[in-house]
Amino acid sequence: MRALVVEDELKMAALLRRGLLEEGYAVDVVPNGSEAVVRASATEYDAIVLDVMLPGMDGFEVCRRLRGIGVWSPVIMLTARDAVADRVAGLDLGADDYLTKPFSFAELLARLRALVRRGPVERPPVLEVGSLRLDPTTREVWRGEAEIDLSAKEFALLETLMCRTGQVVSRFDLLEHAWDYAYENRSNVVDVYIRYLREKIDRPFGVSSIETIRGAGYRLRKDGGV
Ligand code: CA
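The structure displayed is predicted, hence computed values, not measured ones.

### Looking at the coordination of the calcium ion
At step 1: On the protein side, the calcium ion has Glu 7 (OE), Asp 8 (OD), Glu 9 (OE), Asp 51 (OD) and Met 53 (O) as donor atoms, found 2.1 to 2.6 Å from it.
At step 2: All donors of the calcium ion belong to a single chain; written as a sequence motif, their spacing is E-D-E-x41-D-x1-M. One end of the pair, Glu 7, is in the loop between β1 (2-6) and α1 (10-22); the other, Asp 51, is in strand β3 (residues 47-51), and 44 residues separate them in sequence.
At step 3: Relative accessible area serves as the criterion here: at 1%, Asp 51 is assigned to the buried category.

This is the structure in structure tokens:
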């Protein structure tokens, strides 16, 4: 069994690592969300222990991205606050369980055993923004009733924008999410593909959904460009 621990606090990370090793897990530890996404998409973990409070991308966002790219490893979130809103947010974004810090290690292990027994459960969230719909599992995209044929890169770009609707996403972030490690590091590649994307999801429908934010990146309108 292999577990991924996502925790930036060194003491807590070491504690989790030691406890899980004793329980017979192989354990990888990463200190932030972007490394967690990279690791979890490359390796099929039997369980992911995900702290909510992380520098940069928080645990909620990590969970949302993992489910968005089809990673279904069981996720248990560690929340610092006993806030109902936090727990609901975590579960809504695809977490399987949560524990409030401080927690007993025995309880964490018991919860993990239950999750690992159950295994990964696919609950693909279909992304919807206005009349745009994207299904990460079937890799289909629609504008209203019309299905749109996108290339793999266009699909990845749109998926990234839809996961962060209403937020400005930098060219760098788009490169990082839509291109693999071998990409040519030229930001105009993104501009070219954004143009292709607009030609497919906007222009034929007489709408404009992707805004260019000068010097910052791109933003998908919350209304989906209706
Ligand atoms: Ca933390």
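Having seen it, we continue.
### Here's the deal with the packing of helix α6 (residues 152-163) against helix α8 (residues 188-201)
Each pair of packed helices can be described by the angle between their axes along with the distance between the axes.
At step 1: Running from N to C, α6 and α8 point in directions that differ by 85°, and their axes come no closer than 10 Å. In terms of orientation, α6 lies roughly perpendicular with respect to α8. Contacts from Lys 153, Glu 154, Leu 157, Leu 158 and Leu 161 in α6 reach Val 190, Tyr 193, Ile 194, Tyr 196, Leu 197, Lys 200 and Ile 201 in α8.
At step 2: For the contact of α6 with α8, a count of residues per class yields 9 nonpolar, no polar and 3 charged.

### Let's talk about the environment of Ala 216
At step 1: Inspection of the secondary structure assignment puts Ala 216 in the loop between β11 (210-213) and β12 (217-220).
At step 2: By relative accessible area, which is 33% here, Ala 216 ends up partly exposed.
At step 3: C-alpha of Ala 216 to C-alpha of Ser 170: the two residues are 46 residues apart in sequence and 5.6 Å apart in space.
At step 4: Sequence-distant contacts of Ala 216, that is, excluding residues within four places in its chain, are made with Val 168, Val 169, Ser 170 and Arg 171.

### Things to note about the side chain of Glu 7
At step 1: Residue classification places Glu 7 among the buried residues on the basis of a relative accessible area of 2%.
At step 2: Among the polar contacts listed, one links the side chain of Glu 7 to the backbone nitrogen of Glu 9, at a separation of 3.0 Å.
At step 3: Discounting chain neighbours no more than four positions away, the residues touching Glu 7 are Met 12, Ala 13, Val 30, Pro 31, Asp 51, Leu 54 and Lys 101.

### A look at the sheet that holds β11
At step 1: The 3 strands are arranged β10-β12-β11 in an open sheet whose pairing can be described as antiparallel. Whereas interior strands pair on both sides, the edge strands pair on one side only; in this sheet they are β10 (168-169) and β11.
At step 2: Here β11 pairs with β12 via 4 bridges, running antiparallel. Considered in β12, the bridge of Glu 211 is made with Arg 219.
At step 3: α6 contacts β10, β11 and β12 of the sheet and is inclined by roughly 70° relative to β12.

What counts, and at which threshold
Residues numbered from 1 in each chain as written. Predicted model: local features only at pLDDT ≥ 70, side-chain atom pairs only at ≥ 80, totals over all residues. Heavy atoms only, no water. Donors = N, O, S within 2.8 Å, 3.2 Å for Na, K, Ca; no water. Helix = DSSP H or I, 4+ residues; strand = E, 2+ residues; numbered from the N terminus. Buried < 20%, exposed > 50% of the residue type's maximum accessible area, 1.4 Å probe, protein only. Axes fitted to C-alpha atoms, helices over the stretch in contact; angles between N-to-C directions. Parallel < 35°, antiparallel > 145°, perpendicular 65-115°, else oblique. Contact = heavy atoms within 4.5 Å. Nonpolar A, V, L, I, M, F, W, Y, C, P; charged D, E, K, R; others polar. Polar contact = N/O pair within 3.5 Å; in protein donor to acceptor, adjacent residues only side chain to side chain. Pairing = 2+ DSSP bridges.

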